[in-house]
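So the chains spell out like this:
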Amino acid sequence: MILFGGAILFLELRFRYRTYEKILKWLAFSIFSCVGVALVVRSELLDAVKAAVKPSLGFTTASLVAITAIFGTTISPYLFFWQNAEEVEEEREQNAAETTRENQKYRGISEMRADVASGMGAGVLVAMCIIYAAGASLNKSGVTDIATATQAAEALRPIAGNFCSLLFALGIIGTGLLAVPVLAGSSAYALADALGWEEGLSRPVHEAPAFYGIIVAGVVGGVAMNLLGLPAVKALYWSAVANGFAAPPLMLLINLLASSKDLMGDKVSGGLSKLWLWLGTGIMFAAGLASGIFSLSD
């Protein structure tokens, strides 16, 4: 784990993120192996699809907290900061701020919308396949509480056999090297914006030392958690729950800002976009409120 953390810091500090993400993102394709499991283990696939369309969750504390965690891991607050910061950096690199042709500006917005929609669609598909793969393999084997990565890797056994741990490891390493800088970088962007520090992964370390210092602290903290033996899977779950509570207020602010003509001008958010955002915000607020009430009543 120390070597893994060191490798992340070396890549983050030595190279631009956009340079090595083009290589490492191919490792993330191993995650789609869960889609393969869903296609191979088809015995209860139809029942799973029916349950996804018409779930039979009871109003219990555990189920409501799980729903909040699913929302939190799908619409994570740190992605708001990351997406915004990366778009600004890309504009700087391409000198897009100097572009005056309206069609290019609108084309950029359309490309961002397509990028987000395709990414969210693929993410939800993979997430559902992971749930099905875990239920079809682990749950049937009597594993009801996943505490380690080794246990999670067993979900890939139907298609990878004895190589399931290797396949799982490739996915974890690839996504880890891609995602850890995003997680730590989002905190760095948020603090740097709030405190007025120089920021940006496109800048060298000496130009933004405090910004990179936060990233280093985040990675070191993650390594320390592993060395202390803290349960990683539970930490991921409860961080998703926390994200589920933190996202709705930020979504509310985003909608208010995107609806302001004084700030957005002719780029104000459209009616359909505002409708979906208000709907998503309301559902997440309701899920968090319900899970909080049920937790206090237990």
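Residues numbered from 1 in each chain as written. Predicted model: local features only at pLDDT ≥ 70, side-chain atom pairs only at ≥ 80, totals over all residues. Heavy atoms only, no water.

Participant: Would you mind going over helix α11 (residues 209–227) with me for this structure?
Facilitator: Within an α-helix, residues lying three or four positions from one another point in the same direction, as the helix has 3.6 residues per turn. Under the 1.5 Å per step criterion, the end-to-end length of α11 is 26 Å for 19 residues, consistent within 8% with the ideal 27 Å. Along α11, the residues that are buried comprise Phe-211, Tyr-212, Ile-214, Ile-215, Val-219 and Val-223. Positive backbone phi, approximately 80 degrees, marks Gly-229, located one or two places after α11. (Helix = DSSP H or I, 4+ residues; strand = E, 2+ residues; numbered from the N terminus. Expected span 1.5 Å × (residues − 1). Buried < 20%, exposed > 50% of the residue type's maximum accessible area, 1.4 Å probe, protein only.)

Participant: Sorry if this is basic, but what is going on with the nonpolar core here?
Facilitator: It is characteristic of soluble globular proteins that their nonpolar side chains tend to be buried jointly. In this structure, Trp-82, Ala-188, Tyr-189, Leu-201, Phe-211, Tyr-212 and Ile-215 are the most contacted members of the largest nonpolar core, which totals 13 residues. The dominant element in this core, judged by the number of residues it contributes, is helix α10 (residues 164–195), at 5 residues. Membership of the second largest hydrophobic core comes to 5 residues, among which are Ile-8, Leu-9, Leu-11 and Val-219. (Core = buried A, V, L, I, M, F, W, Y, C linked by side-chain atoms within 4.5 Å.)

Participant: What is the right way to look at the packing of helix α1 (residues 2–14) against α11 in this model?
Facilitator: If you want to describe how two helices pack, look at the angle between their axes and the distance between the axes. Contact geometry of α1 with α11 gives a least axis separation of 9 Å together with a crossing angle of 170 degrees. Considering their axes alone, α1 and α11 lie roughly antiparallel with respect to each other. Along the contact surface, α1 presents Ile-2, Gly-5, Ile-8, Leu-9, Glu-12 and Leu-13, while α11 presents Tyr-212, Ile-215, Val-216, Val-219, Val-223 and Leu-227. Per-class residue counts for the contact of α1 with α11 are 10 nonpolar, 1 polar and 1 charged. (Axes fitted to C-alpha atoms, helices over the stretch in contact; angles between N-to-C directions. Parallel < 35°, antiparallel > 145°, perpendicular 65-115°, else oblique. Contact = heavy atoms within 4.5 Å. Nonpolar A, V, L, I, M, F, W, Y, C, P; charged D, E, K, R; others polar.)

Participant: What am I meant to see in the pattern of salt bridges here?
Facilitator: Oppositely charged side chains can form a pair if their charged atoms are brought close together. Using the criterion set out here, one finds 2 salt bridges in the structure. Notably, a salt bridge pairs Glu-198 with Arg-203, separated by 3.5 Å at the nearest N-O pair. By relative accessible area, which is 26% here, Arg-203 ends up partly exposed. In this structure, the salt-bridge partner of Arg-203 is Glu-207, at a minimum N-O distance of 3.7 Å. Connected through salt bridges with shared partners, the residues Glu-198, Arg-203 and Glu-207 form a single ionic network. (Salt bridge = Lys/Arg side-chain N within 4 Å of Asp/Glu carboxyl O.)

Participant: Help me understand the packing of aromatic side chains, please; the structure alone is not making it clear to me.
Facilitator: The description of an aromatic ring pair uses the distance of the two centres, along with the angle that the planes make with each other. Counted under the stated rule, the structure contains 3 aromatic pairs. Between Phe-211 and Tyr-212, the aromatic rings sit 5.3 Å apart at their centres with planes inclined by 85 degrees, giving edge-to-face as the arrangement. Exposure class is identical for Phe-211 and Tyr-212. Each is buried. An aromatic cluster is defined as three or more aromatic residues linked by ring pairs; in this entry it consists of Tyr-189, Phe-211 and Tyr-212. (Phe/Tyr/Trp six-rings, centres within 6.5 Å; stacked < 30°, edge-to-face > 60°.)

Participant: Just checking my understanding: could you explain α1 for this structure?
Facilitator: In this model α1 runs 18 Å from its N-terminal to its C-terminal C-alpha over 13 residues, within 8% of the 18 Å that 1.5 Å per residue would give. Those residues of α1 not exposed but buried are Gly-5, Ile-8, Leu-9, Leu-11 and Glu-12. Looking down the long axis of α1, one finds its buried residues gathered within 165 degrees of arc, a one-sided arrangement. In α1, the exposed positions angled more than 90 degrees off the buried face are occupied by Ile-2, Leu-3, Phe-10 and Arg-14. (Arc of directions from axis to C-beta.)

Participant: Sorry if this is basic, but what is going on with a nonpolar patch on the surface here?
Facilitator: A surface patch of nonpolar side chains, about 550 Å² in accessible area, is lined by Leu-272, Leu-275, Trp-276, Leu-279 and Ile-283. Within the secondary structure layout, Ile-283 lies in helix α14 (residues 271–297). (Patch = residues over 30% accessible without salt bridge, like charges linked within 9 Å, V, L, I, M, F, W, Y side chains within 5 Å. Areas by Shrake-Rupley, 256 points an atom, 1.4 Å probe, with all protein chains shown as cover.)

Participant: I'm lost on the packing of helix α5 (residues 61–74) against helix α12 (residues 232–258) in this one. Help?
Facilitator: Axis separation between α5 and α12 bottoms out at 7 Å; the angle between their running directions is 80 degrees. Between α5 and α12, the interaxial angle falls into the category roughly perpendicular. Where α5 approaches α12, its residues Ala-62, Val-65, Ala-66, Thr-68, Ala-69, Gly-72 and Thr-73 are matched on the opposing element by Tyr-237, Trp-238, Ala-240, Val-241, Asn-243, Gly-244 and Phe-245. In the contact of α5 with α12, the residues fall into 9 nonpolar, 5 polar and no charged.

Participant: Quick question: what am I supposed to make of the environment of Val-126 here?
Facilitator: Residue position: Val-126 is located in helix α7 (residues 102–138). Under the relative-accessibility criterion, Val-126 is labelled buried at 8%. Expressed as a C-alpha distance, the spacing of Val-126 and Phe-32, which sit 94 residues apart in the sequence, is 6.5 Å.

Participant: Which parts of the structure should I look at to understand the environment of Glu-198?
Facilitator: Relative to the helices and strands, Glu-198 is located in the loop between α10 and α11. Placed 11 residues apart in sequence, Glu-198 and Pro-209 show a C-alpha to C-alpha distance of 8.1 Å. Once you skip the residues sitting within four places of it in the chain, Glu-198 turns out to touch Arg-203, Glu-207, Ala-208 and Phe-211. At a separation of 3.5 Å, a polar atom in the side chain of Glu-198 contacts the side chain of Arg-203. (Polar contact = N/O pair within 3.5 Å; in protein donor to acceptor, adjacent residues only side chain to side chain.)

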